[in-house]
Amino acid sequence: MALLPPPTHSLPPLTLTSLNPTTSLSSLSFLPPFASISLPSVRLPSHHHLSNRSLRFLPSASSSFAAVAAGAKPTVIVAEKLGEAGLALLREFANVDCAYDLSPEELCAKISLCDALIVRSGTKVTRDVFEASKGRLKVVGRAGVGIDNVDLLAATESGCLVVNAPTANTIAAAEHAIALLTAMSRNVAAADASLKAGKWQRNKYVGVSLVGKTLAVMGFGKVGSEVARRAKGLGLHVVAHDPYAPVDRARAVGVELLPFDDAISTADFISLHMPLTPTTNKLFNEETFAKVKKGVRIVNVARGGVIDEEALVRALDDGTVAQAALDVFTEEPPPRDSRLVQHENVTVTPHLGASTMEAQEGVAIEIAQAVIGALKGELAATAVNAPMVPSEVLSELSPYVTLAEKLGRLAVQLVSGGSGIKGVVKVVYTSSRDPDDLDTRLLRAMVIKGIVEPISSVFVNIVNADYVSKQRGLRLSEERIFLDGSPEIPLHSIQIHLANVEARFASALSDAGDIRVEGRVKDGIPRLTMVGSLSVDVSLEGNVILCRQVDQPGMIGRVGSILGGKNVNVSFMSVARNAPRKQAIMAIGVDEEPEKETLQMIGEIPAIEEFVFLKL
Ligand SMILES: NC(=O)C1=CN([C@@H]2O[C@H](COP(=O)(O)OP(=O)(O)OC[C@H]3O[C@@H](n4cnc5c(N)ncnc54)[C@H](O)[C@@H]3O)[C@@H](O)[C@H]2O)C=CC1
Ligand SMILES: O=C(O)C(=O)COP(=O)(O)O
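This is a predicted model, so every value here is computed, not measured.

Reading guide: rules and limits
- Residues numbered from 1 in each chain as written.
- Chains lettered and ligands numbered in written order.
- Predicted model: local features only at pLDDT ≥ 70, side-chain atom pairs only at ≥ 80, totals over all residues.
- Heavy atoms only, no water.
- Helix = DSSP H or I, 4+ residues; strand = E, 2+ residues; numbered from the N terminus.
- Buried < 20%, exposed > 50% of the residue type's maximum accessible area, 1.4 Å probe, protein only.
- Contact = heavy atoms within 4.5 Å.
- Areas by Shrake-Rupley, 256 points an atom, 1.4 Å probe, with all protein chains shown as cover.
- Pairing = 2+ DSSP bridges.
- Phe/Tyr/Trp six-rings, centres within 6.5 Å; stacked < 30°, edge-to-face > 60°.
- Near = heavy atom within 4 Å.
- Polar contact = N/O pair within 3.5 Å; in protein donor to acceptor, adjacent residues only side chain to side chain.
- Nonpolar A, V, L, I, M, F, W, Y, C, P; charged D, E, K, R; others polar.
- Arc of directions from axis to C-beta.
- Axes fitted to C-alpha atoms, helices over the stretch in contact; angles between N-to-C directions.
- Salt bridge = Lys/Arg side-chain N within 4 Å of Asp/Glu carboxyl O.
- Right-handed = clockwise from strand over helix to strand, strands pointing away.

## What about the overall build of the protein?
Stage number 1. Within the protein one finds 20 helices and 24 strands.
Stage number 2. Buried positions account for 53% of the 616 residues belonging to the protein.
Stage number 3. Within the protein, contacts between residues at least 6 apart in sequence are counted, and of these 67% link residues at least 24 apart.
Stage number 4. A total accessible area of about 27200 Å² is found for the protein, and carbon and sulfur atoms account for 53% of it.

## Here's the deal with the pairing of strand β15 (residues 424-431)
Side chains on a regular strand alternate between the two faces of the sheet.
Stage number 1. Counting buried positions along β15 gives six out of eight residues, so the element sits mostly inside the fold.
Stage number 2. Across six bridges, β15 lies against strand β17 (residues 493-498) in antiparallel orientation. Within β17, the residue paired with Val425 across the bridge is Leu498.

## Here we look at the packing of aromatic side chains
Stage number 1. By the definition in use, this model includes one aromatic pair.
Stage number 2. The interplanar angle of 45° and the centroid separation of 5.6 Å between the aromatic rings of Phe260 and Phe284 together place this pair among those described as tilted. Taken together, the positions of Phe260 in helix α11 (residues 260-266) and Phe284 in the loop between β11 (269-272) and α12 (286-289) put the pair 24 residues apart, joining distant regions of the chain. For the pair Phe260 and Phe284, one class covers both residues: buried.

## Let's talk about the site of ligand 2
Stage number 1. In the vicinity of ligand 2, the contacting residues are Arg120, Ser121, Arg142, Ala143, Gly144, Val145, Gly146, Asn169, Arg303, His351 and Ala354.
Stage number 2. Here an oxygen atom of ligand 2 sits 2.5 Å away from a polar atom, N or O, in the side chain of Ser121.
Stage number 3. His351 has a polar side-chain atom sitting 2.7 Å from an oxygen atom of ligand 2.
Stage number 4. Considering ligand 2 on its own, with 310 Å² of exposed area, one finds that the protein chains cover 91% of that surface.
Stage number 5. Its residues placed into classes, the shell around ligand 2 shows three nonpolar, five polar and three charged.

## Here's the deal with helix α19 (residues 555-565)
Stage number 1. Restricting attention to buried positions, one finds in α19 the residues Met555, Val559, Ile562 and Leu563. An end-on view of α19 places all buried positions within 95° of arc, on one side of the element.
Stage number 2. Two residues or fewer past α19, Asn567 is found with a positive phi of approximately 60°.

## Notes on the sheet that holds strand β13 (residues 321-326)
Stage number 1. With respect to topology, seven strands assemble into an open sheet ordered β10-β9-β8-β11-β12-β13-β14, the strand pairing being parallel. Lying at the two open borders of the sheet, with one neighbouring strand each, are β10 (256-257) and β14 (346-348).
Stage number 2. By the bridge criterion, four bridges tie strand β8 (residues 214-218) to β11 in an arrangement that is parallel. When the sheet's bridge partners are listed, Val217 is paired in β11 with Ser271.
Stage number 3. Against the sheet, helix α13 (residues 309-317) engages β13 and β14, with an angle of about 135° to β13.

## Quick notes on the pattern of salt bridges
Oppositely charged side chains are able to pair whenever their charged atoms sit close together.
Stage number 1. Counting across every chain of the model gives 28 salt bridges.
Stage number 2. For Asp97, the salt bridge goes to Lys110, with nearest N and O atoms at 2.5 Å. In this pair, Asp97 sits in strand β4 (residues 95-98) while Lys110 sits in helix α4 (residues 104-111), placing the two residues 13 residues apart along the sequence.
Stage number 3. For Lys110, a relative accessible area of 28% translates into the label partly exposed.
Stage number 4. Two residues, Asp537 and Lys522, come together in a salt bridge whose shortest N-O distance is 3.6 Å. One end of the pair, Asp537, is in strand β20 (residues 534-539); the other, Lys522, is in strand β18 (residues 515-522), and 15 residues separate them in sequence.
Stage number 5. Taken together, the shared-partner salt bridges in this structure form one network comprising Glu405, Arg409, Lys449 and Glu453.

## Overview of the site of ligand 1
Stage number 1. Taken together, the neighbourhood of ligand 1 is formed by 25 residues, with Lys222, Val223, Asp242, Val301 and Asp327 sitting nearest.
Stage number 2. At 3.3 Å, a side-chain N or O of Arg303 approaches an oxygen atom of ligand 1.
Stage number 3. Within the complex, the protein chains bury 88% of what would otherwise be the 860 Å² of accessible surface of ligand 1.

## Let's talk about the side chain of Thr382
Stage number 1. Among the secondary structure elements, Thr382 is positioned in the loop between α15 (357-375) and α16 (391-413).
Stage number 2. A polar contact of 3.0 Å, which involves the side chain of Thr382, links it to the backbone oxygen of Asn164.

## Regarding the pairing of strand β3 (residues 75-78)
Stage number 1. By the alternation rule, side chains of β3 split into Thr75 and Ile77 and Val76 and Val78, which are all buried.
Stage number 2. Pairing between β3 and β4: four bridges, direction parallel. Looking at the pairing, Val78 lines up with Cys98 of β4.
Stage number 3. Regarding the hand of the β-α-β motif, the stretch spanning β3, helix α3 (residues 84-93) and β4 is right-handed.

## Side note on α13
Stage number 1. When we look at burial in α13, the residues that qualify are Ala311, Leu312, Val313, Ala315 and Leu316.
Stage number 2. Among the structural elements, α12, β13, α14 (339-342) and β14 are those in contact with the buried residues of α13.
Stage number 3. Between the side-chain oxygen of the N-cap and the backbone nitrogen of Glu310 there are 3.2 Å, and the N-cap of α13 in question is Asp308.
Stage number 4. Backbone geometry just downstream of α13 places Gly319 in the positive-phi region, at approximately 85°.

## Side note on the sheet that holds β20
Stage number 1. Spatially, six strands are ordered β16-β15-β17-β18-β19-β20 in an open sheet, and the strand pairing comes out mixed. Among the strands making up the open sheet, the edge pair consists of β16 (475-482) and β20. Looking at each pair of strands side by side, their axes are set apart by 20° on average, direction ignored.
Stage number 2. One ladder, built from eight bridges, connects β15 with β16; its direction is parallel.

Function-wise, these values are silent; they only describe arrangement.
Here you go:
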């Protein structure tokens with residue numbers, strides 16, 4: 001019999017820094033055996049030209065964020081027992097309120113006073129919780145894997161980031177599945193209870209052997225694959241079913257991936273390791289039990305809801321299922337008189353899969369780091385309801401993130417009536433990169449943020465950008481134009497086109513009749529490079545005045561002296577014209593917002609045909 005190889009890594013887990021720095025997050029699903037990897041949250045690089053605001057994906061303008069920025073501590077509620085090391089990290093950064101065993105009402109009553117909430121599987125974070133938080137709750141940290149106890153849609157709608165700790169308890173859960181598998185097959189729990197009750201029942205507790213039998217691992221993810229490795233070491237023949245698992249990963253472990261029916265009908269043992277989702281809810285039911293090998297033994301360390309528990313009781317009663325070992329239940333804790341829990345062929349534990357000293361320390365650190373990072377506005381690598389953007393992508397796209405938001409803000413302010421945009425927003429990226437090497441999700445989110453925030457009270461971040469745009473009927477289309485050039489630079493330009501809108505500044509219309517603005521990053525600084533069909537060149541910092549004028553000597557001086565006279569500092573000025581002494585566009589960057597009369601004085605200069613003041 002093959003022996004289980006010794007662990008190649010000891011806990012606490014490896015961190016990303018010990019991997020090749022170019023390792024992408026997706027490649028981390030192919031981990032070496034026994035490696036347990038905790039990903040630190042992604043720290044965004046600080047660039048001198050970037051305002052902090054532009055890099056923060058959480059609503060920086062909210063009062064508590066202002067408090068964080070001003071050095072005041074945010075408040076974190078820890079609603080379930082968390083390892084000391086994690087609590088210590090949290091306390092360095094936040095006021096930590098360990099409020100265990102809150103009723104749903106008590107949680108709702110407290111939640112509007114906190115910025116983050118940390119839970120395990122025992123707390124239901126419902127829509128009521130998000131509504132009661134009145135927008136203050138910015139992060140929910142799930143100190144573990146399964147996020148089926150968090151209403152993700154409600155979180156996303158309220159712009160609240162949900163992060164989990166997906167790796168630190170993998171080994172613990174896999175070990176518990178093996179513990180249940182072996183304990184069940186040798187009747188350990190029942191024999192123990194019998195002996196303690198003064199009996200000596202050697203004939204009653206004859207078990208079944210594992211060696212040479214077939215185990216079907218249902219869900220070949222992190223836990224499932226670790227279970228498979230260990231089971232092979234026990235001499236089991238292991239097959240797996242997982243519609244999304246790469247064949248290579250299964251092959252690397254020496255496991256055959258099978259269709260669902262084939263896996264369950266050939267197995268002597270079935271171990272469940274898929275998440276609870278609408279698709280997996282009661283996946284094991286009357287119909288599926290009818291297809292299993294008679295006398296199969298089932299282990300569930302995933303989620304109780306994956307099994308129709310009443311159907312399982314019937315299958316146990318009629319011998320279809322010989323034994324079950326369950327760590328998880330549809331309702332936790334299950335009712336005292338649960339027939340399933342009380343069944344003599346069932347071994348139970350009270351959701352202990354993740355409960356080892358080592359896993360709990362690891363999970364606590366992993367979630368504390370993710371929550372702290374998220375509260376600082378960093379994009380957590382373990383975000384559940386936001387796209388995971390690898391750190392190297394974030395770092396190179398950061399000036400373009402600012403550019404995308406500012407172009408969005410400019411574009412929407414060019415629409416007359418201040419009513420926003422009803423039609424399609426087209427974002428055109430010009431790049432020499434292969435589309436697969438240019439992740440624009442972040443840029444799209446920032447364009448939406450730029451477009452929506454100036455005309456609403458909604459805070460937009462990467463979590464809720466797509467949701468908000470959908471809600472507002474904003475249709476965003478993205479187009480990429482390939483430009484021959486160096487793929488070293490991720491993007492040459494970003495253009496925003498707004499079709500079917502009236503412009504407050506007619507010169508912003510392109511020949512096609514769309515409002516069009518274009519920007520580029522030059523020397524790391526986002527700049528406005530085109531308005532309508534005229535080229536300009538002004539840094540996208542502070543605010544911008546755009547004037548269309550008849551090109552003639554002295555215009556720059558006249559506008560400059562009006563602004564100077566009113567103590568408005570000009571940061572940049574650029575003039576673009578089609579031909580000398582014809583129409584020209586002057587773009588003026590100003591640090592302060594000029595007063596109304598100052599703008600009026602500019603508008604009254606006879607050569608100025610139209611002008612607009614745009615806040616960035
Ligand atoms: N009892 C406990 O204390 C613990 C329970 N868990 C639970 O174990 C489960 C697995 O956790 P991980 O392996 O970390 O997650 P994972 O995300 O790494 O793996 C889940 C796998 O299930 C697969 N899957 C999804 N739908 C499926 C379907 N319909 N049929 C078959 N496979 C499907 C996915 O493709 C994925 O490969 C989760 O539900 C988690 O909550 C995890 C840790 C501790
Ligand atoms: O991580 C998971 O999915 C678990 O089920 C562990 O749950 P727990 O944190 O122990 O309540």
